[in-house]
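Understanding the architecture of this molecule
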Amino acid sequence: MTQADHHTSQVSDPRRLRIALGQINSAVGAIEGNLAHIREVAGAAYLAGANIVCFPELAITGYPPEDLLLRPAFISDNLAARDELVAASLNWPGMTVVAGFVDRESDLFNAAAIIRGGTLHGVYHKRYLPNYGVFDEDRYFANGTEAPVWLIDGVNVGINICEDIWYPTGPATLQAYAGAELLLNISASPFFVGKQVERESMLATRAADTGAMLAYLNTYGGQDELIFDGSSVIFNGEGKLIARAKGFEEDLLVVDLEIDDVLRTRLHDPRRRKYHLGFREEPEPVRLISAEPTRQPPTTRVSSRVERPLTRHEEAWKALVLGTGDYMRKSGFTDALVALSGGIDSALTVVIAVAAAGADHVTGISMPSRYSSQGSRDDARDLAERLGIAYQTVPIEETFSAALATLRPAMSDLPRAAVGLAEENLQARIRGNFLMSLSNATGAIALTTGNKSEMAVGYATLYGDMAGGYAVLKDVFKTFVYDLARWYNEQEGREIIPASTLTKPPSAELRPDQLDADSLPPYEILDPILEAYVEDDMSIEQIVRRGFDPAVVRRVMDMVDRSEYKRRQAAPGVKITGRAFGRDRRLPIANRYRGGNGAFTPQAVRGTPPAMPSAKG
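Residues numbered from 1 in each chain as written. Predicted model: local features only at pLDDT ≥ 70, side-chain atom pairs only at ≥ 80, totals over all residues. Heavy atoms only, no water.

What follows covers unusual backbone geometry. Put simply, tyrosine 63 and proline 64 share a cis peptide bond, and its omega is -5 degrees. With respect to the helices, strands and loops of the structure, proline 64 is situated in the loop between β3 (52-54) and α2 (72-88). The backbone phi angle of serine 231 is positive, close to 55 degrees, even though this residue is not glycine. If you trace the backbone, serine 231 turns up in the loop between β12 (226-229) and β13 (233-235). Here the phi dihedral of tyrosine 463 falls at roughly 65 degrees; this positive angle occurs in a residue that is not glycine. (Helix = DSSP H or I, 4+ residues; strand = E, 2+ residues; numbered from the N terminus.)

Right, here's the structure in full:
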């Protein structure tokens, strides 16, 4: 944990409040471990002189707990942990603790506990429950109905949770018009590249419109596909950023807030007086937190800390490393296996695995066949040596030859094109079988190497290169794979990923002289079409207006639609875009809609198996 350095200027303003944002990494279901960490960080905040320390949304249970919330024992254990935190607060006299938990009254509520001096002084119930994208909160929780303000050490504080802050006329605004000088939002806001800019813009607007200081605490860590970047922030009443915590790291952000600045800001902004007339709800009453003992902040001020924003490549890299590492750690894996083909996808996957788990915990597996080029074999070995990881060669040729001989009689009367495709994919399935066997034997997780472009159009082999426990690049388009690989080499200051890996044409190497371009449009064309269709739900007409060939767009869209059954069977993977496959983008597998051309007839269905959209099946 880190906190701001102190300097020695003396202040005596009684309207100063020291707040600590505990940006921690909770593990879903690890209630005892989460509680122990909350207590540890609360102790550090107390020693730093904080009046208030807060912890993220559902910090006690981890976010999102999903169907664990349907288990009464889980709810009871979470409530018992909350009560333990209440008792522990006696160790921090005069400091208020705000922490997320699951409340149970007449129903379940996503809640924040307001704790001080061994007493649970209040509970806030989240009012706006997101039910879009990756969120399913309406499935589990009831909506809160109140927006109270708490008086803490002489400061009116409006406490709310995550989605509540995103609405201009939501609980935060109600609290501000009821007198809140500080708005405190505890959150679990999932990451995608560019999210921080969008989020800070909204928060700055909310602070400026209400004239209140706004402290926004976001959780940090990876949970299955989701990444939480932290990057907690504080804005003053004019909407100016005054503090930002680290991104993709645990952090304790301690900041002194000059509360009288709120009154000065509001006196110069008459909008609150006018806007208040439009509110239908009566302001909630102020609820008093016991002021005994009142805790004055130390006379030495804390210097505000504003961490620099991350670049697009830094965000993506840190998210991929964090997601892979946390998935391994929280699932009980210490070691990883990566099938090294000598291609760009396996190269980027293995460097991410090394960053996430350490070189001593990663093994590269080369599984060459008769079609594997010497250049690719050399690139795979070269990369392993540069990274300092263990490296094994497990040839598949003998198994492949035996399998071909076994299958040949059964496929002798089938069309040659279909047989050829099956023979190509047989190699990938042998590799998947070998990799998973090694995973079983060693206890290491097998990381798959496919990217979002391939997953989108079905250019991946079920039970072959899709076999594994976690898909590191599942949400990374192929063109961005190349960008990240080049960026990684630049950051390292030397060539880790071989130049030949970056420059040779991509190939599955499942038949002689095979190239991805034989089956797919060039990735520079494919990826923008996929982004428009998969992430933005654009129609063919809208995409064509961007300058793409109608025939190519139609073909790509058909590939995407026909490959849903594959994606449904894919391993989970890190989400870094606004709309990822899996828990984010959900479409029916049996789906006849093709932009209005998917007419259903029994005759059309009978005898029409789904076509293989690419050279992999």
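Anyway, onward from the coordinates.
Okay, the pattern of salt bridges next. Pairing of side chains with opposite charge becomes possible as their charged atoms draw close. What the rule picks out here adds up to 37 salt bridges. One salt bridge connects arginine 18 with aspartate 256, and the closest N-O pair in it is separated by 2.7 Å. Here arginine 18, found in strand β2 (residues 16-23), pairs with aspartate 256, found in strand β15 (residues 251-258); they are 238 residues apart in sequence, far enough to count as distant. One exposure class covers both arginine 18 and aspartate 256, and it is buried. (Salt bridge = Lys/Arg side-chain N within 4 Å of Asp/Glu carboxyl O. Buried < 20%, exposed > 50% of the residue type's maximum accessible area, 1.4 Å probe, protein only.)

Within this structure, the stated rule accounts for seven aromatic pairs. Ring centres 6.0 Å apart and planes at 85 degrees place the aromatic pair tyrosine 63 and phenylalanine 228 in the edge-to-face group. Here the residue tyrosine 63 occupies a position in the loop between β3 and α2, and phenylalanine 228 occupies one in strand β12, the gap between them amounting to 165 residues. Relative to tryptophan 487, the ring of tryptophan 317 has its centre 6.0 Å away and its plane inclined at 50 degrees; by these criteria the two rings are tilted. Taken as a pair, tryptophan 317 in helix α7 (residues 312-331) and tryptophan 487 in helix α13 (residues 478-492) lie far apart in primary sequence, 170 residues in all. The class of tryptophan 317 is buried, set by a relative accessible area of 13%. The rings of Trp317, Trp487 and Tyr488 are connected pair by pair, giving a single aromatic cluster. Over the aromatic face of phenylalanine 480 sits the side chain of arginine 312, whose NZ or CZ is 4.2 Å from the ring centroid. Sitting above the plane of the phenylalanine 581 ring, arginine 567 keeps its charged end 4.5 Å from the centroid. (Phe/Tyr/Trp six-rings, centres within 6.5 Å; stacked < 30°, edge-to-face > 60°. Lys NZ or Arg CZ within 6 Å of the ring centre and 35° of its normal.)

Time to look at the layout of surface pockets. In this structure, the largest pocket occupies an estimated 810 Å³ of space. Those elements that provide at least two residues to the lining of the largest pocket are α8 (344-357), α9 (374-387), α11 (416-442), β21 (445-448) and α13. Residue contributions to the lining of the largest pocket peak at four residues, all from α11. Tallied by class, the residues present in the lining of the largest pocket amount to 16 nonpolar, 16 polar and 10 charged. (1 Å grid on protein atoms, 1.4 Å probe; cavity = no way out; pocket = protein on both sides within 12 Å on 5 of 7 lines; lining within 4 Å. Points joined across faces, edges and corners; volume = space filled by probe spheres on them. Nonpolar A, V, L, I, M, F, W, Y, C, P; charged D, E, K, R; others polar.)

With that settled, the discussion passes to α2. Under the 1.5 Å per step criterion, the end-to-end length of α2 is 24 Å for 17 residues, consistent within 8% with the ideal 24 Å. Within α2, burial applies to Phe74, Ile75, Asn78, Leu79, Ala81, Arg82, Leu85, Val86 and Ala88. Buried residues along α2 sit in contact with α1 (31-47), β4 (96-104), β5 (108-116) and β6 (119-125). (Expected span 1.5 Å × (residues − 1). Contact = heavy atoms within 4.5 Å.)

Here the focus is the side chain of glutamate 454. Looking at where glutamate 454 falls in the secondary structure, it is placed in helix α12 (residues 452-457). One buried charged residue, glutamate 454, remains without a salt bridge, the closest side chain of opposite sign being lysine 478 at 4.2 Å. In this view, glutamate 454 contacts Asp345, Tyr459, Lys478, Asp516 and Tyr523; residues no more than four positions away in its chain are not counted. (Lys, Arg positive; Asp, Glu negative; His and termini not counted.)

Burial within β5 is extensive, with nine of its nine residues counted as buried. Because side chains alternate across β5, one face comprises the buried residues Leu108, Asn110, Ala112, Ile114 and Arg116, and the other comprises Phe109, Ala111, Ala113 and Ile115, equally buried. Where β4 hands over to β5, the hairpin turn is made up of three residues, counted between the paired strands. Pairing of β5 with β6, which is carried by six bridges, proceeds in the antiparallel orientation. Residue pairing in the sheet places isoleucine 115 in a bridge with leucine 120 of β6. The turn linking β5 back onto β6 is made up of two residues, and glycine 117 within it adopts a positive phi angle of 60 degrees. (Pairing = 2+ DSSP bridges.)

The subject of this paragraph is the environment of alanine 113. Considering the arrangement of structural elements, one finds alanine 113 in strand β5. Spatially, the C-alpha atom of alanine 113 lies 31 Å from that of lysine 318, the residues being 205 residues apart in sequence. When neighbours within four sequence positions are excluded, alanine 113 is seen to be in contact with Arg82, Val97, Val98, Ala99, Phe101, Leu120 and Gly122.

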